[in-house]
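Results of the structural survey
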Amino acid sequence: MFLRSHLRDGGRVPAKGEPYFFLSYAHTPRFGAGGPDPDMWVERLFRDLCGHVMALTDLPATYEVGFMDREIRSGEGWSERLAQALAKCRVFVPLFSPRYFASEMCGREWYAFAQRTVHHGAVNAGGSPAEAIVPALWVPVPPAQLPGPAERLQFNHNTFGERYVTDGLYGLIKLRGYAEQYEKAVYELARRIVQVGESVHLDPVRPVDYRVVPSAFGPSNSPTGSPARTLHVTVVAASRHDLPDGRSPEYYGDSALEWNPYHPVSQRPIAYVAEDLVKNLNYQTTIASFDDEAGHFDSKQPPTRPEILIVDRWVVEDEHRRQRLAAFDQESRPWINVVVPWNRYDHQSRAKEAELARRLEETLPVKMSQGRAACRAAANGVANMETLGQILPQVVEAAAQQFLRHAQVYLPAGNTHTDRPRLLGPMGMGGPPTHPPAPFPPDAHDGHNDTNDTDRGDADDSES
């Protein structure tokens, strides 16, 4: 399924459409009719970076060194070409600016690439997401205005020069007298791109449908620098010490949080893979096991955050856990959605699939059938990590929308005459709910079309 993109990995020459780096930037509107194109300065930076990267590597002269989408954004097939580049490039280079983090398009590009870094970390022994994002300051952004995914990047901009930190590349390229500082900053940026590109070895993946990729910066109506949203992940699984008779312990650890359903492809427990994917949606996350939260699910209390329940079908073999899940299902908690990872290459699971799936539906009849088609697909089986990265954002945002509808309503302080109450709370999600995301791609789970709300079935079983 995966291709090797590096020249030194078996000597394969990269194919067309496998750029070394992807330059992600926010388009600047023209000032006045017929005025100069402000993006010409980004084009100059792009050309300079391409020249340096080519000089610093042994790439063939015909190789597509960099990719930027200015020439195709309004043309036919732009989303397909964009998705191809994001699925295969080695390094992602976002140009930080206030406009960048206000752009939903840029947030989509970021998430599509970040999903690959999480997947890479899960299937490799290192465990943590690959550090293949190399940010550049186009216009300096105060740290308080950075969304979570950007704030978490471990990157020292000071090595590129003092003027670069204070003025950004746009200031250096526009102001006379700073040509030397501009050249130094661009060269150092190119060196960093090559260093990452030659060391990380990020695997290409199948291109995603860019039209349904979420933004890594949160909803489009969230102001830059707004507080991060919060989400709780609960894992419903056994440990290796209390498995059903005959169940192999190779998928389990000393606690439920160490359950790894996609073993041996994945080297990382599902709880931490999901946590990283959710963080890339600009959420703060907490994780816990179902066994440790006996008193947590109290429907009499207003919700404090949306939640995701990650369920191992094998838990229905334990009568105590099954009864607790059944009791949980009887309470109305629409802000909690269920995700069921299901590895068809696990022979024990495949042999008992029909029985375990039936018993889980009998245990969780409400949760298994609630919400959007993507939520129902997630509850009926997510076949692999790539599909998890595609479907989880929709499940999370559906839970967030339900949270907004059911969270306790507070009146603004000092105002008892307002006609419209507002929501306050730990998510930092003021304002009206956003529109739901586009449907899950029709070919992502057994060919069903998600526009039909009665669809059921495993999410993406095309690789079985």
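1. Considering the overall build of the protein
- Secondary structure summary: the protein contains 13 helices and 8 strands in total.
- By the burial criterion, 54% of the 464 residues in the protein qualify as buried.
- Taking all contacts inside the protein whose residues are at least 6 apart in sequence as the whole, residues at least 24 apart take part in 75%.
- Accessible surface, the protein: about 20,800 Å² in total, of which carbon and sulfur atoms supply 51%.

2. So, the packing of aromatic side chains
- Here the structure, examined in full by the defined rule, presents 14 aromatic pairs.
- Ring-pair connections join several aromatic residues into one group, and the members of that group are Phe 22, Phe 67, Phe 92, Phe 96, Tyr 100, Phe 101, Trp 110, Phe 113 and Phe 217.
- The ring of Trp 342 is capped by Arg 313, whose NZ or CZ atom sits 4.3 Å from the centre of that ring.
- Sitting above the plane of the Phe 290 ring, Arg 324 keeps its charged end 3.9 Å from the centroid.

3. With respect to the pattern of salt bridges
- All told, the structure shown has 20 salt bridges when counted by the stated rule.
- Where Glu 188 meets Arg 191, a salt bridge forms, and the shortest distance between an N and an O atom there is 3.7 Å. You can see Glu 188 and its partner Arg 191 sitting in helix α7 (residues 179-200), 3 residues apart, about one turn around the helix.
- With a relative accessible area of 43%, Arg 191 lands in the partly exposed category.
- Residues participating in the shared-partner salt-bridge network are Asp 242, Asp 291, Asp 318 and Arg 321.

4. Some remarks on the side chain of Ser 79
- Topologically, Ser 79 is positioned in helix α2 (residues 78-88).
- Among the residues examined, Ser 79 registers a relative accessible area of 10% and is labelled buried.
- Of the polar contacts made by the side chain of Ser 79, one reaches the side chain of Glu 80; its length is 3.2 Å.

5. Topic: the confidence of the model for the protein
- When pLDDT is averaged along the protein, the result is 81; 77% of the residues meet or exceed 70.
- Residue range residues 1-13 is modelled with pLDDT below 50. Its contacts to residues more than four positions away, or to other chains, number 37 contacts.
- Taken as a whole, residues 415-464 scores under 50 in pLDDT and shows 115 contacts with residues more than four places along the chain or in a different chain.

6. A word on the sheet that holds strand β2 (residues 66-67)
- Judged by pairing direction, the sheet is parallel, and its 4 strands sit side by side in the order β2-β1-β3-β4 without closing on themselves. Lying at the two open borders of the sheet, with one neighbouring strand each, are β2 and β4 (136-137).
- With 4 bridges connecting them, strand β1 (residues 21-24) and strand β3 (residues 91-96) associate as parallel partners. Bridging across to β3, Phe 22 finds its partner in Phe 92.
- Sitting on the sheet, helix α1 (residues 40-56) touches β1, β2 and β3, and the angle it makes with β1 is about 165°.
- On the sheet, helix α4 (residues 104-123) packs against β1 and β3 and is oriented at approximately 155° with respect to β3.

7. Describing the packing of α2 against α4
- In the contact formed by α2 and α4, the axes pass within 9 Å of each other and the chain directions differ by 40°. Taken together, the axis directions place α2 and α4 in an arrangement best described as oblique. Judged by the twist between their axes, the crossing of α2 over α4 is right-handed. Across the interface between the two elements, Trp 78, Leu 82, Leu 86, Ala 87 and Lys 88 of α2 pack against Met 105, Glu 109, Ala 112, Phe 113 and Arg 116 of α4.
- Residue classes in the contact of α2 with α4 are distributed as 7 nonpolar, no polar and 3 charged.

8. Side note on α4
- Across its 20 residues, α4 extends 29 Å between first and last C-alpha, which sits within 8% of the 28 Å expected from 1.5 Å per residue.
- Burial runs high along α4: 17 of the 20 residues are buried.
- Structurally, the start of α4 carries an N-cap: the backbone nitrogen of Met 105 is 3.4 Å from a side-chain oxygen of Ser 103.

9. A closer look at the sheet that holds strand β5 (residues 229-236)
- Overall, parallel pairing links the 4 strands, which are arranged β6-β5-β7-β8 in an open sheet. Of all the strands in the sheet, the pair left with one neighbour each is β6 (283-289) and β8 (336-339). Pairs of neighbouring strands in the sheet enclose a mean axial angle of 25°, with direction left out of account.
- Relative to β6, β5 runs parallel, the two sharing 7 bridges. Considered in β6, the bridge of Thr 230 is made with Gln 284.

10. Side note on the nonpolar core
- The biggest cluster of nonpolar side chains holds 124 residues, and the ones touching the most others in it are Phe 21, Trp 110, Leu 169 and Ile 193.
- Sorting elements by how many residues they give to this core places helix α13 (residues 385-406) first, with 10 residues.
- Dropping the residues within four chain positions of it, Trp 110 is found in contact with Phe 92, Pro 94, Phe 96, Tyr 100, Phe 101, Ile 133, Pro 149, Ala 150, Leu 153, Ala 216 and Phe 217.

Here is what the cut-offs are and how they apply
Residues numbered from 1 in each chain as written. Predicted model: local features only at pLDDT ≥ 70, side-chain atom pairs only at ≥ 80, totals over all residues. Heavy atoms only, no water. Helix = DSSP H or I, 4+ residues; strand = E, 2+ residues; numbered from the N terminus. Buried < 20%, exposed > 50% of the residue type's maximum accessible area, 1.4 Å probe, protein only. Contact = heavy atoms within 4.5 Å. Areas by Shrake-Rupley, 256 points an atom, 1.4 Å probe, with all protein chains shown as cover. Phe/Tyr/Trp six-rings, centres within 6.5 Å; stacked < 30°, edge-to-face > 60°. Lys NZ or Arg CZ within 6 Å of the ring centre and 35° of its normal. Salt bridge = Lys/Arg side-chain N within 4 Å of Asp/Glu carboxyl O. Polar contact = N/O pair within 3.5 Å; in protein donor to acceptor, adjacent residues only side chain to side chain. pLDDT = per-residue confidence, 0-100. Pairing = 2+ DSSP bridges. Axes fitted to C-alpha atoms, helices over the stretch in contact; angles between N-to-C directions. Parallel < 35°, antiparallel > 145°, perpendicular 65-115°, else oblique. Left-handed = near helix turned anticlockwise from the far one by under 90°. Nonpolar A, V, L, I, M, F, W, Y, C, P; charged D, E, K, R; others polar. Expected span 1.5 Å × (residues − 1). Core = buried A, V, L, I, M, F, W, Y, C linked by side-chain atoms within 4.5 Å.

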